[in-house]
Amino acid sequence: MTQTTTRVLEPSDLDAALEVLDRDPVANAFVTSRVRVAGLDPWRLGGEMWGWYANGELRSLCYAGANLVPVCASPEAVRAFADRARRTGRRCSSIVGPAEATAQLWRLLEPSWGPARDVRAHQPLMVTEQPSAEIAPDPLVRRVRKNEMDAIMPACVAMFTEEVGVSPLAGDGGLLYQARVAELVGSGRSFARFEDGKVVFKAEIGAATARACQIQGVWVAPEYRGRGHSETGMAAVVDFALRDVAPVVSLYVNDFNTAARAAYRRVGFREVGAFMSVLF
């Protein structure tokens, strides 16, 4: 019989965890980027990494921090992760990950963790490996400078509130969110087009590894929408990402956002899978 077990991983488990994460560098970009920087120490990682073992071999992971993220999780592993999550109680603000595993995890957790504030059951995962052949990049999109935090923060807050449905300034007054924005600006992974000191378009390269990176936070100021800024701006960010960060650029988008999906396809993205998000 197959012997299985689940436990919290320790720093000495890093190589085995990275081996699991490297099985799907695109879908696992978020967790891989955190582990590559912080290792598996919970204080540095910002959460625990749960490992599911079969016959002594690490097969699946689940990041349990501000988000609960199943990684390469088989149905049996998902059941084990759900049992652990029920015992520890909900500490995360969302469950997010590959759609099939996340859907199973939510079915098992909903009786004790529900109801959710929002469930986005199908979010196409899109990738590109080359600059856009159809859309010329906006030459005015550039890296946000460290002295432009006061200009970029209102756009980031507006994007987050519009996308997630709650303000990132709630709770701690936005200290953690502002720190994350500052981190992206400081690392050169925040991009924007400014006009008269105001943000017209913005996006960030959130997760980044040597094999793949993930664009997030795409936003166009309401008064500039419908003018093609999302396409030309994204083409510019893709160029930066491919040149400076990783050979594969990814993002995931709500399936009901047909305009954004069409724009990303015109920029050169294609769908390769799907994510799911459960928001609390």
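What you are looking at is a predicted structure, and each value in this text was computed from that prediction instead of being measured.

Draft legend 1. Examining the layout of surface pockets more closely. In this structure, the second largest pocket encloses a volume near 220 Å³. Among the elements of the structure, α5 (99–113) and β12 (270–279) are those that each provide at least two residues to the lining of the second largest pocket. Of the residues forming the lining of the second largest pocket, the biggest block, four residues, is contributed by β12. Classifying every residue of the lining of the second largest pocket gives 10 nonpolar, four polar and two charged.

Draft legend 2. Region of the structure containing helix α7 (residues 175–186). In a regular helix each residue adds 1.5 Å, so 12 residues correspond to 16 Å; α7 covers 16 Å between its end C-alpha atoms and thus fits that length. Next to the buried residues of α7 lie α6 (149–164), β8 (190–195), β9 (198–208) and β10 (213–220).

Draft legend 3. Broad picture of the packing of α6 against α7. Contact pair α6 / α7: the axes reach a minimum separation of 11 Å and the direction vectors enclose 120 degrees. In terms of orientation, α6 lies oblique with respect to α7. Between α6 and α7 the crossing geometry is right-handed. Contact residues: α6 offers Met 149, Ile 152, Met 153, Cys 156, Val 157, Met 159 and Phe 160, while α7 offers Tyr 177, Gln 178, Val 181, Ala 182 and Val 185. Considering only residue class, the contact of α6 with α7 consists of 11 nonpolar, one polar and no charged.

Draft legend 4. Expanded view of the environment of Arg 34. With respect to the helices and strands, Arg 34 occurs in helix α2 (residues 29–38). Those residues in contact with Arg 34 that sit more than four places away from it in its chain are Gly 39, Leu 45, Gly 46 and Tyr 63.

Draft legend 5. Layout of the pairing of strand β4 (residues 67–71). Counting buried positions along β4 gives five out of five residues, so the element sits mostly inside the fold. Here β4 shows no split at all, with Asn 67, Val 69 and Val 71 on one side and Leu 68 and Pro 70 on the other all buried. Taken together, the four bridges between strand β3 (residues 57–64) and β4 define a ladder with antiparallel strand orientation. Within the sheet, the bridge partner assigned to Tyr 63 lies in β4 and is Val 69. Bridge analysis of β4 against strand β5 (residues 94–98) gives two bridges, and the strand direction is parallel.

Draft legend 6. Region of the structure containing the sheet that holds β9. The sheet built from 12 strands is open, its strands ordered β1-β2-β3-β4-β5-β12-β6-β11-β10-β9-β8-β7 with mixed pairing. Edge positions in the open sheet fall to β1 (4–8) and β7 (142–143), since each of these has one partner strand only. Where β5 lies against β12, five bridges are found, and the strand directions are antiparallel. Residue pairing in the sheet places Ile 95 in a bridge with Val 278 of β12. Sheet strands in contact with helix α4 (residues 75–88) are β1, β2 (48–54), β3 and β4, and its direction is about 140 degrees off that of β2. Contacts from α7 reach β8, β9 and β10, with the element oriented near 85 degrees to β9.

Draft legend 7. Focus on the pattern of salt bridges. Scanning all chains against the criterion turns up 20 salt bridges. In this structure, Asp 83 engages Arg 86 in a salt bridge whose closest nitrogen and oxygen atoms are separated by 2.3 Å. Of the two residues, Asp 83 and Arg 86 both sit in helix α4, three residues apart, roughly one turn of that helix. Note on Asp 83: relative accessible area 35%, which makes it partly exposed. When its relative accessible area of 36% is taken as the criterion, Arg 86 is described as partly exposed. For Arg 270, the salt bridge goes to Glu 129, with nearest N and O atoms at 2.9 Å.

Draft legend 8. View of the nonpolar core. Formed by 44 residues in total, the largest nonpolar core has its most connected members in Ile 152 and Phe 269. Contributions of two or more residues to this core are made by α6, α7, β8, β9, β10, α8 (229–244), β11 (249–252) and α9 (258–267). Top contributing element to this core by residue count: α8, with eight residues. In contact with Phe 269, not counting residues within four places along its chain, are Met 126, Val 127, Thr 128, Ile 215, Met 234, Val 238, Val 249, Ser 250, Leu 251 and Tyr 264. Cys 62, Phe 81, Trp 113 and Val 278 belong to the second largest nonpolar core, which has 26 residues in total.

Calculation rules
- Residues numbered from 1 in each chain as written.
- Predicted model: local features only at pLDDT ≥ 70, side-chain atom pairs only at ≥ 80, totals over all residues.
- Heavy atoms only, no water.
- 1 Å grid on protein atoms, 1.4 Å probe; cavity = no way out; pocket = protein on both sides within 12 Å on 5 of 7 lines; lining within 4 Å.
- Points joined across faces, edges and corners; volume = space filled by probe spheres on them.
- Helix = DSSP H or I, 4+ residues; strand = E, 2+ residues; numbered from the N terminus.
- Nonpolar A, V, L, I, M, F, W, Y, C, P; charged D, E, K, R; others polar.
- Expected span 1.5 Å × (residues − 1).
- Contact = heavy atoms within 4.5 Å.
- Axes fitted to C-alpha atoms, helices over the stretch in contact; angles between N-to-C directions.
- Parallel < 35°, antiparallel > 145°, perpendicular 65-115°, else oblique.
- Left-handed = near helix turned anticlockwise from the far one by under 90°.
- Buried < 20%, exposed > 50% of the residue type's maximum accessible area, 1.4 Å probe, protein only.
- Pairing = 2+ DSSP bridges.
- Salt bridge = Lys/Arg side-chain N within 4 Å of Asp/Glu carboxyl O.
- Core = buried A, V, L, I, M, F, W, Y, C linked by side-chain atoms within 4.5 Å.

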